[in-house]
Amino acid sequence: MTASRIVLVDGDAHTAAVLAAELERRGFGAVTVVPAAASLPLALAQGAPDVLVVNHRYGDESALAACRLARQHAPECATVVVTAPGPALAAVHEWARQLPGIDVIAEKPFVDDRFYWTLTELLAAKAAVRESRRRAERLAQLLPEGAVSSAGEDAQKRAELFEAAVLFTDIRDSSRLANQMAPREFFDVLNLSLSEQTSRIRLWQGSVVKYTGDGVMAVFRGMGRSYLALRCGLELAAMSSGQRLPYGVGIAQGLVLGGLIGDAGRTGQLRQFDVIGATAHLAARLCALADPGQLVATNGVNAVAQVRTPQPRPIAQVSIRGFAAPVDCVKFSFEAA
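Cut-offs used in this document
Residues numbered from 1 in each chain as written. Predicted model: local features only at pLDDT ≥ 70, side-chain atom pairs only at ≥ 80, totals over all residues. Heavy atoms only, no water. Pairing = 2+ DSSP bridges. Helix = DSSP H or I, 4+ residues; strand = E, 2+ residues; numbered from the N terminus. Axes fitted to C-alpha atoms, helices over the stretch in contact; angles between N-to-C directions. Phe/Tyr/Trp six-rings, centres within 6.5 Å; stacked < 30°, edge-to-face > 60°. Lys NZ or Arg CZ within 6 Å of the ring centre and 35° of its normal. Expected span 1.5 Å × (residues − 1). Buried < 20%, exposed > 50% of the residue type's maximum accessible area, 1.4 Å probe, protein only. Arc of directions from axis to C-beta. Contact = heavy atoms within 4.5 Å.

Asks: Run through the sheet that holds strand β5 (residues 104-107), naming residues and quoting values.
Replies: Overall, parallel pairing links the five strands, which are arranged β2-β1-β3-β4-β5 in an open sheet. Bordering the open sheet on either side are β2 (31-34) and β5, each of which pairs with just one other strand. Sheet twist, expressed as the mean angle between neighbouring strand axes with direction ignored, is 20 degrees. As defined by bridge partners, strand β4 (residues 78-83) adjoins β5 across four bridges and the pair is classed as parallel. Note on β5: the bridge partner recorded for V80 is V104.

If you want it as structure tokens, here you go:
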């Protein structure tokens, strides 16, 4: 059994010692004995216990005070009240109706192992919650902020289908530019460019999904996704025209699938978040059609966004590799600085 921390509140030193010894003998770990509810805050300050066990005697309302203190100072701690049958049991049940923080009421004497089984189940449940939280925290580190509607445990089990405007940028002639710079210089200039693009994307409420080596993939969600993505793309294209590593921009809108991909392994650390689907591929293909300082978007994106400045140039019936039907597009251009 995994070591746990149990705090036992019992004003009778003899019964407290007997119960604590039995708990330790059964493998529940060290038990901290607190003689009175007034001493409980000090014990809780040393670390929240997994389980608080309160030994109640009829007419002694300090047990209720202990439960309230535990709920206040250690809200995630499970609370078990041990009491005798009859009026004492009825009193604790009444407390439980007033104080939702009482998780289990155990009846004395312990003629079988039910009390210890209950503790085992409580500790197992707490361990499961902790592990779930750890996995969710690890998952949150993998998920781009705002890329999906919710990042929780379910996101590890299923991908999310949603409408999005997908934006790609890609440096033009990057191999030649890389050969003209020292590796460290190219790295620093590229990193600065990607950082500036990321800041602009976030300013327009987009979420960076990934860096594609020398470019960025981002998604925009919500009612204004077309407008936000297009205005962001136009600013990026304008920024590109004056940079040492100029890039093109492509935007498409439609259904995409977002989730973790890759080898899950034992810990899931090899997985990474990605957004896939025909819309993502189309945005990447349109980006490849854009020269430095240009943005190419589907006509549908601009039909929703209604951007007229700078003046878009229609490009009808564009053949896109991998797509059976031609696509109507618009192109926005910025003069190189």
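Now that the structure is up, let's keep going.
Asks: Talk me through the packing of aromatic side chains; I want residue IDs and the actual numbers.
Replies: All chains considered together, the criterion is met by two aromatic pairs. Ring centres of F115 and Y116 lie 5.2 Å apart, and the angle between their planes is 75 degrees; this geometry places the pair in the edge-to-face category. Through successive ring pairs, a cluster of aromatic residues spans F28, F115 and Y116. Here the guanidinium or amino end of R26 rests over the ring plane of Y116, the centre of that ring lying 3.8 Å away. In this structure, R221 packs its charged tip against the face of F162, placed 3.8 Å from the ring centre.

Asks: Residue-level account of helix α9 (residues 278-289), with values.
Replies: Along its twelve residues, α9 runs 17 Å from first to last C-alpha, staying within 8% of the 16 Å computed at 1.5 Å per residue. Of the positions making up α9, those classed as buried are T279, A280, L282, A283, L286 and C287. One face of α9 carries all of its buried residues, which in axial projection span an arc of 160 degrees. In α9, those exposed residues whose orientation departs by more than 90 degrees from the buried face are A278 and A288. Tucked inside the fold, the buried residues of α9 contact β6 (160-171), β8 (215-220), β9 (247-261), β10 (272-276), β11 (294-298) and β13 (327-333).

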